Amino acid sequence: MSHDTLRRPHPVNSADRPAPRAPRRRRRHWTRRPDPLAGIGSALWLVVVVVPIYAMISASLTRQDQALGNNALKPPTHPTLANYNTVLHNGFGHFLLNTLIVAAAVVVIVLVLSIPLSYVAVRTRGFWSGAAFRMFLLGIAIPAQAVVIPLYLMIAKLNLYDSLLAVVLPTAAFAMPVCVLILTGTLRDISEEMYEAMALDGASTTRMLFQLVIPMTKGGIGTVVVYAALQAWNGFLFPLIFTQSDGPRVLTLGLFNYVSQFGVNIPALLASVVLSGIPIFAVYLVARRALVGGLMGVGGK
């Protein structure tokens, strides 16, 4: 046997070779460093928020003759639900129904008008669309107190005084500028390719609005719903100026039932505040993610 034969390696089948091992990736262990300043700030903010709510609920469970004598942070020695019973039997259901009607009407009007207007402001590059958008943004800088007298004259000329419609229309008008700003910021996050794809499919403007814009802006729409509902729920100036009788009275004006010339029923007043805050707090819990997502989209492209 020759030396070449001894030196020549035997052929090895490629199937018998072990597969090369993939390089191991090092796992990165991310460690969050504690931030004591953030923790202290969060604790202080929690105290600022929780303590007044606790004091309000505690006082609403106290008898009227003990409302001013006890410490506000001390739990009631003999808690009672008589204040809530007084509120529920003093027209609270009527005031709550009126407030729900006003809030629902304001939300519907704002959505019906804000969504198409924001769509036009984002998709149209014309002079008039830009001027209309700037006009709405100018409404943010105008306080309601500055135009309450012209609004009163307009409501009186339209024979809407002392009605729920006299509260709904101004509330929706003053909620529109912020809602348009939120929706335009959300609509700018929709890419131009999506509009072009639907246009190539022969989609009309109405179809784009209902099949593309509205489904893609649920976060902004949720933010608008919560904001407009809060504006209507907590509104005090317009119901005070544009209504007079008990028929169109809302919850914010219903609190005057516990304020008389000779005193204030503090526990009943706070019980009414607690009951009036429950529905809007429930709405916030349901739509809090959409609210945060919509507010993040305001500073978009």
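Residues numbered from 1 in each chain as written. Predicted model: local features only at pLDDT ≥ 70, side-chain atom pairs only at ≥ 80, totals over all residues. Heavy atoms only, no water.

*Asks:* How should the overall build of the chain be read in this particular structure?
*Replies:* When helices and strands are counted, the chain shows 14 helices and zero strands. Counted from the first residue to the last, the chain has its helices and strands arranged as α-α-α-α-α-α-α-α-α-α-α-α-α-α. The proportion of buried residues among the 301 residues of the chain is 31%. The long-range fraction of contacts in the chain, counting pairs at least 24 apart against all pairs at least 6 apart in sequence, stands at 74%. Surface summary for the chain: the accessible area is close to 20100 Å², and the carbon and sulfur share equals 65%. (Helix = DSSP H or I, 4+ residues; strand = E, 2+ residues; numbered from the N terminus. Buried < 20%, exposed > 50% of the residue type's maximum accessible area, 1.4 Å probe, protein only. Contact = heavy atoms within 4.5 Å. Areas by Shrake-Rupley, 256 points an atom, 1.4 Å probe, with all protein chains shown as cover.)

*Asks:* Before we go on, may I ask you to explain the nonpolar core in this structure?
*Replies:* Soluble, globular proteins show a tendency: their nonpolar side chains are buried together. Ranked by internal contacts, the top residues of the largest apolar core, which has 47 residues, are V87, V102, V106, V110, Y119, L187 and Y195. A per-element tally of this core places helix α4 (residues 92-123) first, with eleven residues. Every residue in contact with V87, bar those within four places of it in the chain, is listed here: F92, Y258, A268, A271, S272 and L275. A144, I155, A166 and F238 belong to the second-largest nonpolar core, a separate cluster that totals eight residues. (Core = buried A, V, L, I, M, F, W, Y, C linked by side-chain atoms within 4.5 Å.)

*Asks:* Got a minute to help me understand the side chain of N98 in this structure?
*Replies:* In this structure, N98 sits in helix α4. Given the relative accessible area of 5%, N98 is considered buried. Not counting chain neighbours up to four residues away, the residues in contact with N98 comprise L164, G247, P248, R249 and V250.

*Asks:* Sorry, what's going on with helix α6 (residues 148-157) here?
*Replies:* When α6 is considered as a whole, its buried residues turn out to be V148, L151 and I155. Viewed end-on, α6 has its buried residues packed into an arc of 60°, placing them on one side of the element. Seen from the open side of α6, the exposed residues pointing more than 90 degrees away from its buried face are I149, L153, M154 and K157. Next to the buried residues of α6 lie α7 (164-187) and α11 (237-242). Looking at the residues trailing α6, positive phi occurs at N159, about 60°. (Arc of directions from axis to C-beta.)

*Asks:* In this structure, what is going on with the packing of helix α2 (residues 36-60) against helix α13 (residues 266-286)? I would like to understand it.
*Replies:* It is at 8 Å that the axes of α2 and α13 come closest, and there the two elements cross at 125°. Between α2 and α13, the crossing angle belongs to the class labelled oblique. By crossing handedness, the relation of α2 to α13 is classed as left-handed. Facing M56, I57, A59 and S60 of α2, the residues of α13 in contact are P267, L270, A271, V273 and V274. The class makeup of the residues in the contact of α2 with α13 is eight nonpolar, one polar and no charged. (Axes fitted to C-alpha atoms, helices over the stretch in contact; angles between N-to-C directions. Parallel < 35°, antiparallel > 145°, perpendicular 65-115°, else oblique. Left-handed = near helix turned anticlockwise from the far one by under 90°. Nonpolar A, V, L, I, M, F, W, Y, C, P; charged D, E, K, R; others polar.)

*Asks:* Looking at this structure, I do not really get the pattern of salt bridges. What am I missing?
*Replies:* Side chains carrying opposite charge are able to pair once their charged atoms draw close together. For the coordinates displayed, the defined rule picks out two salt bridges. Here R123 ties to E192 by a salt bridge, and the two come within 3.0 Å at their closest N and O atoms. With R123 in helix α4 and E192 in helix α8 (residues 192-200), this residue pair connects regions lying 69 residues apart in the sequence. The class for E192 is partly exposed, based on a relative accessible area of 38%. Residue D246 is joined to R249 by a salt bridge in which the shortest nitrogen-to-oxygen separation is 3.4 Å. You can call D246 partly exposed: its relative accessible area is 48%. (Salt bridge = Lys/Arg side-chain N within 4 Å of Asp/Glu carboxyl O.)

*Asks:* Please explain the packing of aromatic side chains as it appears in this structure.
*Replies:* What describes a pair of aromatic rings is the distance from one ring centre to the other and the angle between the planes of the rings. The full count for this structure, using the stated rule, is three aromatic pairs. Judged by centre distance (5.8 Å) and plane angle (80°), the ring pair of Y152 and Y161 falls under edge-to-face. Between F238 and F242, the aromatic rings sit 5.7 Å apart at their centres with planes inclined by 10°, giving stacked as the arrangement. In this pair, F238 and F242 are both assigned in helix α11, four residues apart and thus about one turn of the helix distant. F242 shares its class with F238; the two are buried. Members of the aromatic cluster, each reached through a chain of ring pairs, are F174, F238 and F242. (Phe/Tyr/Trp six-rings, centres within 6.5 Å; stacked < 30°, edge-to-face > 60°.)

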